[in-house]
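Chain and residue survey
One-letter residues, chain by chain:
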Amino acid sequence: MMGSLEAELTEVWIVCHGHGQLARRFLSRFLPLERADRLFVAPEALSRYYLSPPVGGPHPASAPVGATWMTSEDREFEIRDYVSYLDLLHDEIFSVVDRAKVRLWVLGFSQGTATVARWVAHGNVDADRVVMYSGLLPSELDVERAARLARRSPLTIALGTNDEFARPELIAAQEARLLGLGVPHTLIRFEGGHEVLPEVLARLTDEAR
């Protein structure tokens, strides 16, 4: 968490990291947006793992660790687990913060985009802004569930021009799918790869004014 639950807040950001990341490190990407009236909360995915295989014995204490939101194993249960987890986190935050006084941002990066999309579609959160950063819409959303992604404002999608996961054919397919689902959205392209950049975060907040 970055910021205080007890401050005079105008914004709350719930930001979901990508595959292989940890919440604490991911949260540091939002330091350029730090402000006394903003609260940033980065939940960590429920499954941690070593990022490299062991060599000649157990992993040393210094071995890098990451987390993942889900795999294909018990897929539906994994999704239910993290939707419930994020709902509980949301309720905990707003048991202290007056929801009526703040704008709620929900942002997912990479694997976290599908996580955020499913949470908004199936959970109890009613976000003011939903941002899918360097990721795509999950394949199973129907018209009714997808409509929740842009209930208060257009869904925002941010994709780097050099992102290997944002090839032109994938972008075109996602644009067509969103159009078919009737989801208003804005697409932000930026010079860069599969990364969270300060200038893109600044652009998101500037365009929200």
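On to the layout of surface pockets, then. For the largest pocket, the calculated volume is near 260 Å³. Looking at the largest pocket, it is lined by 14 residues, and the ones nearest its centre are Ser 110, Gln 111, Thr 113, Gly 135 and Leu 136. Sorting elements by how many residues they give to the lining of the largest pocket places helix H3 (residues 111–122) first, with 5 residues. Counted by class, the lining of the largest pocket contains 6 nonpolar, 7 polar and 1 charged residues. Its volume calculated, the second largest pocket comes out at about 160 Å³. For the second largest pocket, the full set of lining residues is Leu 5, Glu 6, Ala 7, Glu 8, Leu 9, Val 96, Val 97, Asp 98, Lys 101 and Val 102. Looking at side-chain class alone, the lining of the second largest pocket contains 6 nonpolar, no polar and 4 charged residues.

Taking strand neighbours across the sheet as the criterion, the 6 strands line up as S2-S1-S5-S6-S7-S8 in an open arrangement whose pairing is parallel. In this open sheet, the two strands that pair with only one neighbour each are strand S2 (38–41) and strand S8 (185–190). Strand-to-strand twist across the sheet, computed as the mean angle between neighbouring axes with direction ignored, equals 20°. Strand direction decides the pairing type here: strand S7 (residues 155–160) and S8, joined by 6 bridges, are parallel. By the bridge assignment, Ala 158 is partnered in S8 with Ile 188. Here H3 sits on the sheet in contact with strand S1 (11–16), strand S5 (103–109) and strand S6 (129–133), set at roughly 135° to S5.

Parameters at a glance
- Residue numbers here run from 1 along each chain, matching the order of that chain's written sequence.
- In keeping with the model being predicted, local features are shown solely for residues with a pLDDT of at least 70 and side-chain atom pairs are shown and tallied solely at 80 or more, while totals for entire chains, interfaces and linings include all residues.
- With hydrogens and water set aside, each side-chain value is computed from the structure's full complement of heavy atoms.
- The distinction between a cavity and a pocket rests on a 1 Å grid over the protein atoms alone: a 1.4 Å probe fits inside a cavity but cannot get out, while a pocket stays open yet meets protein on both sides within 12 Å along at least five of seven lines, and a residue with an atom within 4 Å of a point counts as lining.
- Grid points are joined across faces, edges and corners, and a volume is the space filled by probe spheres set on the points.
- Helix numbers and strand numbers start at the N terminus; a helix is a DSSP run of H or I with at least 4 residues, a strand a run of E with at least 2.
- Here the nonpolar group is Ala, Val, Leu, Ile, Met, Phe, Trp, Tyr, Cys and Pro; Asp, Glu, Lys and Arg are the charged ones; every other residue, Gly included, is treated as polar.
- Pairing between strands is defined by DSSP: at least two bridges between them are needed.
- The axes used here are C-alpha line fits, helices contributing only the stretch in contact, and every angle between their N-to-C directions lies in the interval 0 to 180 degrees.
- Throughout, a residue-residue contact means that at least one pair of heavy atoms, one from each residue, lies within 4.5 Å.

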